[in-house]
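Structural overview for review
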Amino acid sequence: MMAARDRMAHRGPDGSGLFQAAGGRLVLGHRRLAIIDPSPAGAQPMTDADAGLTVVFNGEIYNYRELRRELMAQGVTFRSQSDTEVLLRLYDRHGVDGLARLNGMFAFALWDDRRQGLLLARDGLGIKPLYVFDDGETTGFASECRALAALLPERSASRADPAARLGFFMYGWVPEPFSPWAAIEMLPAGTWLWTDARGTSRGRFFDVVDEIVAAEMDARTATPKSRREWLASLRDDVAASVDRHLVADTPVSLFLSAGVDSTMIAELAASATGGVTGVTLTADRFIGSDDDEAPGAAATAAACGMPHHVRHLTAADFTDQRDALLRSMDVPTIDGVNVFFAAAAAADAGFKVALSGVGGDEMLGGYPSFRQIPPLMRFLGPVARIPLLGPALGRGLRRMTAPWLGAFTSPKYASLLECAGADADAYLLRRGLFLPWELERGEDARSLAETLARVRRAAGGDGRYARIASPYLRVLAMETELYMRGQLLRDADWAGMASSVEIRTPLADAALFRRAIRAIAAMTPPPDKRTLSVAIGPQSAAAATRPKTGFSLPIRDWPTASSTTGPVRKPRGLRGWAQFVYDSWNRENGMG
């Protein structure tokens with residue numbers, strides 16, 4: 001247990017702790033990154049001996065001060081100023097019903113000695129990871145998949161999950177709840193798991209699709225508001241979220257690009273006590289081009305009176321740190337490189353906390369998928385959904401056109417009709433790295449079909465998005481649950497923690513989502529970045545007029561290594577990088 005805990009020392013260099021329940025039935029280990037109440041009173045594992053409760057907790061509860069005041073008014077006493085103790089006392093009062101009242105990013109394990117049971121829970125949007133295995137005799141859990149793999153019984157330690165491999169090559173990340181190890185699953189976002197001698201039970205306290213469906217119903221029945229009123233409400237909700245995410249007992253930095261998302265956060269945080277410091281990452285080869293984030297970021301920092309650090313990277317920097325990056329990668333992913341280097345720059349500047357603009361594109365329709373998927377399904381969907389005929393036409397068209405399309409453009413265009421019949425398939429066509437038919441070489445047809453069915457169910461192929469009436473909001477749900485949760489948030493966690501930096505996401509926040517989706521569902525057309533940026537301030541409005549660059553690095557142009565074990569020999573775009581990452585990750589982790 002100590003070895004697994006200390007394998008995650010980078011997640012918590014400020015301290016460590018271990019708790020063992022009476023009789024040795026349970027062991028809890030913790031590594032501490034001290035941000036709120038860094039005194040010894042906030043150390044973990046934290047125990048309330050009177051209540052028989054012990055917790056280990058990763059993340060932040062942003063509304064802990066409000067909850068603390070409420071609990072104190074009910075007669076609860078506190079020994080620390082930490083959010084961890086608030087979590088402990090809240091459970092003591094409300095049990096699992098208290099989870100819905102938490103505003104934050106969290107994954108925790110709580111031992112209830114009175115009930116002789118263990119509660120595991122993960123925040124609503126899945127910002128913090130929590131991996132679990134249960135072989136019927138032992139339940140294990142950890143914030144990192146590889147640390148948990150070190151605790152697996154020998155019979156499970158080398159057994160890979162084919163759904164993780166297939167999902168990675170389809171999307172560029174491993175879809176939740178899969179992991180590279182067949183015995184390990186990721187606890188789904190917004191859920192809890194209770195285990196004791198009688199067995200295991202699960203529950204859910206937050207669901208993205210449920211929130212959107214409820215927002216659509218509210219939009220049909222609520223008292224009408226003007227677009228101006230809804231926009232003002234949305235602006236206030238975003239400002240409140242930024243304010244909550246600044247709560248820390250240590251200085252806070254901001255990953256500042258030239259884009260709208262981080263500029264909005266900078267402008268809203270400018271008047272906060274203590275403010276924030278901007279950290280900008282760019283590549284030397286971008287200097288003087290539209291892809292250079294530094295000039296726009298510098299203009300925002302100057303206008304907001306914000307200290308500003310710029311880190312320029314070269315191909316040599318990438319090569320020097322490539323092995324360290326791959327060693328830090330908890331599960332295979334084609335993204336996260338930019339965050340890895342940005343977090344290192346923040347750590348070098350002395351910061352433990354960095355704000356990120358993740359979530360703005362999902363909330364405000366910033367991706368091409370919002371414009372492309374609805375018309376694809378509107379025009380080709382009726383044909384694709386004709387029983388028997390539609391699927392046959394789609395497969396036939398793909399088989400005829402794929403061989404020659406792949407010679408000069410993306411072979412995915414061959415599947416336009418084939419993927420137009422279902423939301424999850426249309427999303428894969430737009431977002432996917434490889435389509436399933438491209439992964440058939442050398443695979444057993446039956447096992448591939450079974451694995452593909454598992455991946456499709458996990459990625460919305462169970463029809464869950466059909467509950468949402470608006471095509472636009474269906475795309476919003478998919479981008480939030482699949483790309484943002486599956487890749488961006490997971491990458492922010494491992495890449496930030498590689499440098500012991502906690503990355504907070506004010507625009508990806510369950511409390512903000514619940515409020516903002518009401519405004520988005522009620523406004524026709526839905527608000528976009530330009531609309532909201534004007535409501536926030538002049539710097540945000542100016543950022544909205546700049547070309548969209550993204551927060552990126554020229555990975556595909558930087559040296560990796562030759563790789564021929566992936567699904568194609570002549571890769572396009574990031575496909576070659578995906579093959580390299582997958583091969584390297586497997587070698588590093590002994591997965592063959």
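Overview of the structure.

About the thresholds
- Residues numbered from 1 in each chain as written.
- Predicted model: local features only at pLDDT ≥ 70, side-chain atom pairs only at ≥ 80, totals over all residues.
- Heavy atoms only, no water.
- Helix = DSSP H or I, 4+ residues; strand = E, 2+ residues; numbered from the N terminus.
- Buried < 20%, exposed > 50% of the residue type's maximum accessible area, 1.4 Å probe, protein only.
- Polar contact = N/O pair within 3.5 Å; in protein donor to acceptor, adjacent residues only side chain to side chain.
- 1 Å grid on protein atoms, 1.4 Å probe; cavity = no way out; pocket = protein on both sides within 12 Å on 5 of 7 lines; lining within 4 Å.
- Points joined across faces, edges and corners; volume = space filled by probe spheres on them.
- Nonpolar A, V, L, I, M, F, W, Y, C, P; charged D, E, K, R; others polar.
- Pairing = 2+ DSSP bridges.
- Core = buried A, V, L, I, M, F, W, Y, C linked by side-chain atoms within 4.5 Å.
- Contact = heavy atoms within 4.5 Å.
- Axes fitted to C-alpha atoms, helices over the stretch in contact; angles between N-to-C directions.
- Parallel < 35°, antiparallel > 145°, perpendicular 65-115°, else oblique.
- Left-handed = near helix turned anticlockwise from the far one by under 90°.
- Expected span 1.5 Å × (residues − 1).
- Phe/Tyr/Trp six-rings, centres within 6.5 Å; stacked < 30°, edge-to-face > 60°.
- Lys NZ or Arg CZ within 6 Å of the ring centre and 35° of its normal.

1. A few points about the environment of His 94
Looking at the element boundaries, His 94 is found in helix α3 (residues 83-94). Residue class for His 94 comes out partly exposed when judged on its relative accessible area of 31%. Through-space distance from the C-alpha of His 94 to that of Leu 268 is 34 Å; in sequence the pair is 174 residues apart. For His 94, the side chain forms a polar contact with the side chain of Arg 101, separated by 3.5 Å.

2. Examining the layout of surface pockets
What the second largest pocket holds in volume is close to 560 Å³. In this structure, the second largest pocket is lined by 29 residues; those nearest its centre are Arg 398, Glu 418, Asp 425, Leu 452 and Arg 456. Looking at the lining of the second largest pocket, the element that brings in the most residues is helix α18 (residues 445-461), giving 7 residues. Looking at the lining of the second largest pocket, its residues break down into 17 nonpolar, 5 polar and 7 charged.

3. What about the sheet that holds strand β9 (residues 185-186)?
Sheet architecture is open: 3 strands sit in the order β8-β7-β9, paired in antiparallel fashion. Each edge of the sheet is formed by a strand with only one pairing partner; in this case those strands are β8 (139-142) and β9. With 2 bridges joining them, strand β7 (residues 131-134) and β9 adopt antiparallel strand pairing. From the neighbouring strand, Val 132 faces β9, where its bridge partner is Glu 185.

4. Topic: the nonpolar core
Here is a general trend for soluble globular proteins: nonpolar side chains tend to be buried in one another's company. Formed by 176 residues in total, the largest nonpolar core has its most connected members in Phe 108, Ile 184, Ile 212, Leu 473 and Leu 476. By residue number, the principal contributor to this core is helix α19 (residues 471-497), which donates 15 residues. Contacts of Leu 476, omitting those with residues within four sequence positions, involve Ile 212, Glu 362, Met 363, Phe 370, Phe 513, Ile 517 and Ile 520. Core analysis: the second largest hydrophobic core is formed by 15 residues, Leu 130, Val 132, Phe 141 and Leu 193 among them.

5. Considerations on the sheet that holds strand β12 (residues 252-255)
Within the open sheet, the 5 strands sit side by side as β14-β13-β12-β15-β16. Their pairing is parallel. Of all strands in the sheet, those with a lone pairing partner are β14 (308-313) and β16 (502-504), marking the two edges. Along the sheet, successive strands turn relative to each other by an average axial angle of 30 degrees, direction set aside. Taken together, the 3 bridges between strand β15 (residues 353-355) and β16 define a ladder with parallel strand orientation. Within the sheet, the bridge partner assigned to Val 353 lies in β16 and is Glu 502. This element, helix α10 (residues 294-303), spans β13 (277-283) and β14 of the sheet and lies at about 175 degrees to β14.

6. Describing the packing of helix α6 (residues 162-171) against helix α23 (residues 575-589)
At a minimum axis separation of 10 Å, α6 and α23 run at an interaxial angle of 155 degrees. The angle between α6 and α23 falls in the class roughly antiparallel. By crossing handedness, the relation of α6 to α23 is classed as right-handed. For the pair formed by α6 and α23, the contact residues are Arg 165, Phe 168 and Phe 169 on the first element and Ala 578, Gln 579, Val 581 and Tyr 582 on the second. Residue composition of the contact of α6 with α23, grouped by class: 5 nonpolar, 1 polar and 1 charged.

7. Notes on empty space enclosed by the protein
This structure, assessed with the given rule, holds 6 cavities of 30 Å³ or more. If you go around the largest cavity, you meet 34 residues; those closest to its centre are His 30, Arg 31, Phe 57, Asn 58 and Ser 143. Sorting the residues of the lining of the largest cavity by element identifies α1 (2-6), β2 (27-32), β4 (53-61), α3, β5 (104-112) and β8 as the ones contributing at least two each. With 5 residues, the single largest contributor to the lining of the largest cavity is β4. For the lining of the largest cavity, the class distribution of residues is 18 nonpolar, 9 polar and 7 charged.

8. Structural notes on helix α12 (residues 337-348)
The terminal C-alpha atoms of α12 lie 17 Å apart, and with 12 residues this matches the ideal 16 Å at 1.5 Å per residue to within 8%. Counting buried positions along α12 gives 10 out of 12 residues, so the element sits mostly inside the fold. Taken as a whole, α12 has its buried residues at Val 337, Asn 338, Val 339, Phe 340, Phe 341, Ala 342, Ala 343, Ala 344, Ala 345 and Ala 346. Gly 350, located one to two residues past α12, shows a positive phi value of around 95 degrees.

9. Examining helix α8 (residues 227-245)
The end-to-end C-alpha distance of α8 is 27 Å, a good match for the 27 Å that 19 residues give at a rise of 1.5 Å each. Taken together, the buried positions of α8 are Trp 230, Leu 231, Leu 234, Asp 237, Val 238, Ala 239, Ser 241, Val 242, Arg 244 and His 245. Contacts made by the buried residues of α8 are with α9 (260-269), β15, α13 (360-363), β16, α20 (510-522) and α21 (529-536).

10. Description of the side chain of Asn 58
Among the secondary structure elements, Asn 58 is positioned in strand β4. Within the structure, the side chain of Asn 58 is placed 3.5 Å from the side chain of Ser 143, a separation counted as a polar contact. Once residues lying within four places of it in the same chain are set aside, the contact partners of Asn 58 are Arg 11, Met 105, Phe 106, Ala 107, Lys 128 and Ser 143.

11. What to know about the packing of aromatic side chains
For the coordinates displayed, the defined rule picks out 16 aromatic pairs. Aromatic side chains Trp 181 and Trp 585 sit 5.6 Å apart centroid to centroid with 65 degrees between the ring planes, which places their arrangement in the edge-to-face category. In this pair, Trp 181 sits in the loop between α6 and β9 while Trp 585 sits in helix α23, placing the two residues 404 residues apart along the sequence. Exposure class is identical for Trp 181 and Trp 585. Each is buried. Where Phe 318 meets Trp 577, the ring centres are 5.8 Å apart and the plane angle is 50 degrees; that geometry is what we call tilted. In this pair, Phe 318 sits in helix α11 (residues 315-328) while Trp 577 sits in helix α23, placing the two residues 259 residues apart along the sequence. Across the ring face of Phe 78, the terminal group of Arg 89 is positioned such that the distance to the ring centre comes to 6.0 Å. When the ring centre of Tyr 367 is taken as origin, the NZ or CZ atom of Arg 431, which lies over that ring, is 4.4 Å away.

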